[in-house]
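These are the residues of each chain, in order.
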Amino acid sequence: MAPKSRKKKAHAKTLTCYCNVCPEESVDNEKCETRPGGSCFASVRGIYNSTTNEYDVEYEYGCMPPEQSGGLLQCRGSLYLAGQNIKCCDSGEFCNQNMELEFQAPSTTPSPSDTQQIDQFSYNQLALLLSLGVCAILFLIIVLVVLVTYRRRETKRKQVCLLESGHSSHLSPLNDLFEQSSGSGSGLPLLVQRTIAKQIQLEKSVGRGRYGEVWLAKWREEPVAVKVFFTTEEASWFRETEIYQTVLMRHENILGFIAADISGTGSYTRMFLITDYHENGSLHDYLQMHVISPRSLQELAHSLTAGLAHLHMEIFSKPGKPAISHRDIKSRNILVKRNGQCAIADFGLAVKYNSELDEIHIAPNTRVGTRRYMAPEVLDESLNPTQFESFKLADIYSVGLVFWEMARRCVTTIPGTKSTACEDYALPYHDMVPSDPSFEDMYDVVCTQKIRPPIPERWQDEEILQVLSKIMVECWHPKPTARLTALRIKKSLSKIQTDGSGHIV
Ligand code: ADP
Ligand code: MG
């Protein structure tokens, strides 16, 4: 302990030093007095002279403040600090006067063209500032990258949540998706549709129409139907997609739309439409393979008109739904659901109507309906395309023919016997026109000869068949305005009650 305190004492005294950088009061006598604990210093530095391209050497002598004020610190770490060689001493009075100092020029010599005197110290300051600036920019970039990555992850997580939510629920993933995106009721967000389309695996072809091939496919283990449009049928894809995306279009008796996607460039375009899959296939296929009970007939006919009534109806809420006419109603464009109800499909020819704007929106599409099911006014071209009602009435004509196809397959008991009867499956006018009838063939039968499908006697033995046969006759009335509306038919059919066994009660 003792030597330490002695040292402290020794440093605490003042010292007289030689100076040429003197405090004002001692300029004349070239000596300065340090503060207690201070030291004397001698320094040498070079100042660059751009004219001679050499360093002018300058010597400085003086008093250094004590260590606590930064003085001795400078002395300690000062060797060639900033191109200045400083030495300090506190060994006695004027100890700095005969100190040996040598000057070493910095390794980088400023360019001769440089007219300003730049010392090493300002280089270091500049470098420090520059590195601080670079650090700040780097820091900002890192913060930005982190923010952008975080935001992207969040968006992705939300989408994945939307797509994945089905796993935690007893409902199917698709059901959940639709529940979550209730919004405007016009289908899933386009991004989600695209994602679904990318995750589809086609399994087997289940049907083929004029405009595309329909496949059974899987989306996350869930069966879905994928209509792959023929490459020339872009207009049909566009129209059908547009109709399915119509606000408030979803209905239990309209095929459930899931997603649409178009991809590819140049000459080859892939167009998909993804919908609910119905294993029973089309009504046409179903009736060929099954006979149906009166109760099933009522269910099929009633649900078909419920779907059509929804389609035809204009809803005036905000957002509202335009009235839509299908224009290609036939048994091949109607699907049979597992619960025995119909779902209307294939909207590639549909037209929309908005009464407020009095605007009929017909797609710029060369497609025409199916000749066999064409109403007389379509065949004789008397249909007024500026009147939306006329499209709805043409739909009703076709529905009448579909009722006829259904009714033939409805099994009834022959009165007084235990035997049952039904007709074979047949297309309307099957015995009147060839398999792919021309306009002329149909015009001749429907308009000229005014022939309609025959109503068998036995249909009078069963209430639903009786009611339905009256309805179909009204549906295919030659005068469009005399036909029933979908809503009217729906009401008539819902009045018929059946017991559980399939008998009308
Ligand atoms: P196109 O526009 O080419 O006529 P459709 O949409 O009418 O195509 O479909 C053609 C056929 O594919 C239908 O008649 C039916 O047999 C079958 N099909 C269509 N959609 C489905 C579906 N969602 N589930 C099962 N089968 C379907
Ligand atoms: Mg079709």
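Here, the structure is the one placed above.
Residues numbered from 1 in each chain as written. Chains lettered and ligands numbered in written order. Predicted model: local features only at pLDDT ≥ 70, side-chain atom pairs only at ≥ 80, totals over all residues. Heavy atoms only, no water.

1. Things to note about the packing of helix H8 (residues 294-312) against helix H12 (residues 463-475)
Note the cut-off: Axis definition: a line fit to C-alpha positions, over the contact stretch in the case of helices; interaxial angles, taken between N-to-C directions, run 0 to 180 degrees. Note on conventions: DSSP H or I runs of at least 4 residues are helices, E runs of at least 2 residues are strands, and numbering of each starts at the N terminus. Contacts are assigned to residue pairs with any non-hydrogen atoms lying within 4.5 Å of each other. Following the grouping adopted for this structure description, the nonpolar residues are Ala, Val, Leu, Ile, Met, Phe, Trp, Tyr, Cys and Pro, the charged ones are Asp, Glu, Lys and Arg, and the polar ones are all others, Gly among them.
It is at 9 Å that the axes of H8 and H12 come closest, and there the two elements cross at 35°. When H8 is examined against H12, the residues Pro 294, Leu 297, Gln 298 and Ala 301 are found in contact with a partner set consisting of Ile 464, Leu 465 and Leu 468. When the residues that make up the contact of H8 with H12 are grouped by side-chain class, the tally is 6 nonpolar, 1 polar and no charged.

2. Things to note about the coordination of the magnesium ion (ligand 2)
Put simply, the test is: For Na, K and Ca the donor cutoff is 3.2 Å, while for all other metals N, O and S atoms count as donors only within 2.8 Å; water does not appear among the atoms, so some sites may look incomplete. Summary of the burial criterion: residues with accessible area below 20% of their type's maximum are buried, those above 50% are exposed, and those between are partly exposed, where the area comes from a 1.4 Å probe applied to protein chains only.
Protein-derived coordination of the magnesium ion (ligand 2) comes from Asn 333 (OD1) and Asp 346 (OD), at a distance range of 2.0 to 2.1 Å. Placement of Asn 333 in the loop between strand S11 (323-325) and strand S12 (334-336) and of Asp 346 in the loop between strand S13 (342-344) and strand S14 (351-354) is noted, with a sequence separation of 13 residues between them. When its relative accessible area of 12% is taken as the criterion, Asp 346 is described as buried.

3. Remarks on the site of ligand 1
Quick reminder of the rule: Any residue with a heavy atom lying within 4 Å of a molecule or strand is counted as near it. Pairs of N or O atoms are called polar contacts if they sit within 3.5 Å, as long as, within protein, a hydrogen donor faces a hydrogen acceptor (for residues adjacent in sequence, only side-chain-to-side-chain pairs). Note that accessible areas follow from Shrake-Rupley with a 1.4 Å probe, and for residues the cover is restricted to the protein chains shown.
Surrounding ligand 1, one finds 20 residues, the nearest of these being Tyr 211, Lys 227, Asp 276, Arg 332 and Asn 333. In the environment of ligand 1, an oxygen atom lies 3.0 Å from a nitrogen or oxygen atom belonging to the backbone of Gly 212. Bound to the protein, ligand 1 loses 94% of the 550 Å² it would expose on its own. Across the shell around ligand 1, the residue classes break down as 6 nonpolar, 7 polar and 7 charged.

4. Considering a nonpolar patch on the surface
Heads up, the condition is: Each patch is built from residues lacking any salt bridge and having more than 30% relative accessible area; the joining distance is 9 Å for like charges and 5 Å for nonpolar side chains (Val, Leu, Ile, Met, Phe, Trp, Tyr). By definition here, a salt bridge exists when the distance from a side-chain nitrogen of Lys or Arg to a carboxyl oxygen of Asp or Glu is within 4 Å.
A cluster of nonpolar side chains, Leu 128, Leu 129 and Leu 132, forms an exposed patch at the surface whose accessible area comes to about 330 Å². Note on placement: Leu 129 falls in helix H3 (residues 120-164). By relative accessible area, which is 59% here, Leu 129 ends up exposed.

5. Remarks on the sheet that holds S11
Operational definition: Note on pairing: two strands pair once DSSP finds at least 2 bridges between them.
Read across the open sheet, the 3 strands follow the order S11-S14-S15; overall the sheet is antiparallel. Each of the sheet's edge strands pairs with one partner strand only, and the pair in question is S11 and strand S15 (359-361). Strand-to-strand, the axes of this sheet are offset by a mean angle of 20°, without reference to chain direction. Packing of helix H6 (residues 234-244) onto the sheet brings it into contact with S11, S14 and S15, and relative to S14 it is tilted by some 45°. Its contacts with the sheet place helix H10 (residues 388-408) against S11, S14 and S15, and it is angled at close to 50° to S11.

6. Regarding unusual backbone geometry
Phi is mostly negative for residues that are not glycine, and the peptide bonds are mostly trans. Look at Glu 30: it is not a glycine, yet its phi comes out positive at around 55°. Mapping Glu 30 onto the fold places it in the loop between strand S1 (16-18) and strand S2 (31-33). Even without being a glycine, Tyr 429 presents a positive backbone phi close to 60°. With respect to the helices and strands, Tyr 429 occurs in the loop between strand S17 (420-421) and helix H11 (439-448). When its relative accessible area of 2% is taken as the criterion, Tyr 429 is described as buried.

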